Amino acid sequence: MIAKTLQDMFRRYRRPGDIVFALLFFAFALFLLSQLGAETKVVKRTKWFAQPALWPMIAIWGMVIFSGMHLLSSVLSPRIPGRLKEVTFWLMSLEYVSYFLIYVVTVPWLGYLPSTMLFAAFLAIRTGFQSRGAIGISLTFGAVVAIVFRALLQVNIPAGRVYEYLPDSVRVFALTYL
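Below, the structure is looked at part by part. (Residues numbered from 1 in each chain as written. Predicted model: local features only at pLDDT ≥ 70, side-chain atom pairs only at ≥ 80, totals over all residues. Heavy atoms only, no water.)

1. Structural notes on the overall build of the protein chain
Consideration 1: When helices and strands are counted, the protein chain shows eight helices and zero strands.
Consideration 2: On C-alpha atoms alone, the protein chain measures out to a radius of gyration of 25 Å, which is more than a quarter above the 16 Å that the 2.2 N^0.38 rule sets for 178 residues.
Consideration 3: Dimensions of the protein chain along its principal axes, counting C-alpha atoms only, are 75 × 55 × 25 Å.
Consideration 4: Per-residue burial over the protein chain gives 24% buried out of 178 residues.
Consideration 5: Here the contacts in the protein chain between residues at least 6 apart in sequence split such that 69% fall between residues at least 24 apart.
Consideration 6: With the model as given, the accessible surface of the protein chain reaches about 13300 Å², and the carbon-plus-sulfur share is 73%.
Consideration 7: Each charge class in the protein chain can be summarised by its mean position, and for the 17 positive and 7 negative side chains these summaries are 8 Å apart. (Helix = DSSP H or I, 4+ residues; strand = E, 2+ residues; numbered from the N terminus. Rg over C-alpha atoms; globule rule 2.2 N^0.38 Å. Buried < 20%, exposed > 50% of the residue type's maximum accessible area, 1.4 Å probe, protein only. Contact = heavy atoms within 4.5 Å. Areas by Shrake-Rupley, 256 points an atom, 1.4 Å probe, with all protein chains shown as cover. Lys, Arg positive; Asp, Glu negative; His and termini not counted. Charge placed at Lys NZ, Arg CZ, Asp CG, Glu CD.)

Shown next as structure tokens:
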């Protein structure tokens, strides 16, 4: 459909949850602006275009201005119902953040290999893949990831405390490669 007037062309329709997003983004931009003086430096006897603070300052001021305009346009646009449903949908992603934090806490206790395998299998089950084949693939994937990172790439990941209870000959191998 082609707009008949200039007003139709620039009319803005607010989506559910848009004002919440606009408010949070504007608050975040103001927070970054408040930290600008502490996190960047203005170096004396340096040209203005060579200052380390120049591009962060331009970017953050741009965030403040444009997020403020977005917030203003959200406030002035007609409200569409469904904000709570939309925000609830956004917050559902925090479930997976909590799973990752639990994983990070379990690695020093169980070790990288068992934690990664359990985490992969749990996520497969949580996302609905409950067949034996899917769980087997996720366990294999977890094992391959752990072995590639520890043994092949030599990433230094703390060994689990559970490895201390292994027999001496197995413990050295587990501490090095698992």
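2. Re the packing of helix H6 (residues 112-126) against helix H7 (residues 132-152)
Consideration 1: At their nearest, the axes of H6 and H7 sit 8 Å apart, and the two run at 145 degrees to each other. The two elements H6 and H7 meet at a crossing, and its hand is right-handed. Across the interface between the two elements, Tyr112, Leu113, Thr116, Met117, Ala120, Ala121, Ala124 and Ile125 from H6 touch Ile135, Ser138, Leu139, Gly142, Ala143, Val145, Ala146, Phe149 and Arg150 from H7.
Consideration 2: Each residue belonging to the contact of H6 with H7 can be placed in one class, and the counts come to 13 nonpolar, three polar and one charged. (Axes fitted to C-alpha atoms, helices over the stretch in contact; angles between N-to-C directions. Left-handed = near helix turned anticlockwise from the far one by under 90°. Nonpolar A, V, L, I, M, F, W, Y, C, P; charged D, E, K, R; others polar.)

3. Comments concerning unusual backbone geometry
Consideration 1: The backbone phi angle of Arg45 is positive, close to 60 degrees, even though this residue is not glycine.
Consideration 2: Here Arg45 falls in the exposed class, since its relative accessible area comes to 86%.

4. Describing the pattern of salt bridges
Consideration 1: What the rule picks out here adds up to two salt bridges.
Consideration 2: The closest approach of N and O atoms between Arg126 and Glu95, which form a salt bridge, is 2.5 Å. Of the two residues, Arg126 is situated in helix H6 and Glu95 in helix H5 (residues 94-110); the sequence distance between them amounts to 31 residues.
Consideration 3: Residue class for Glu95 comes out partly exposed when judged on its relative accessible area of 23%.
Consideration 4: Here Arg171 makes a salt bridge to Asp168, at a shortest N to O gap of 3.1 Å. Of this pair, Arg171 and Asp168 are both found in helix H8 (residues 168-177), three residues apart, which corresponds to roughly one turn of the helix.
Consideration 5: Exposure remark for Arg171: the relative accessible area of 26% places this residue in the partly exposed category.
Consideration 6: With relative accessibility at 53%, the residue Asp168 sits in the exposed group. (Salt bridge = Lys/Arg side-chain N within 4 Å of Asp/Glu carboxyl O.)

5. Here we look at H5
Consideration 1: An ideal rise of 1.5 Å per residue puts 24 Å on 17 residues; H5 measures up with 24 Å between its terminal C-alpha atoms.
Consideration 2: Taken together, the buried positions of H5 are Tyr99, Tyr103 and Val107.
Consideration 3: Where H5 is buried, its residues contact H6. (Expected span 1.5 Å × (residues − 1).)

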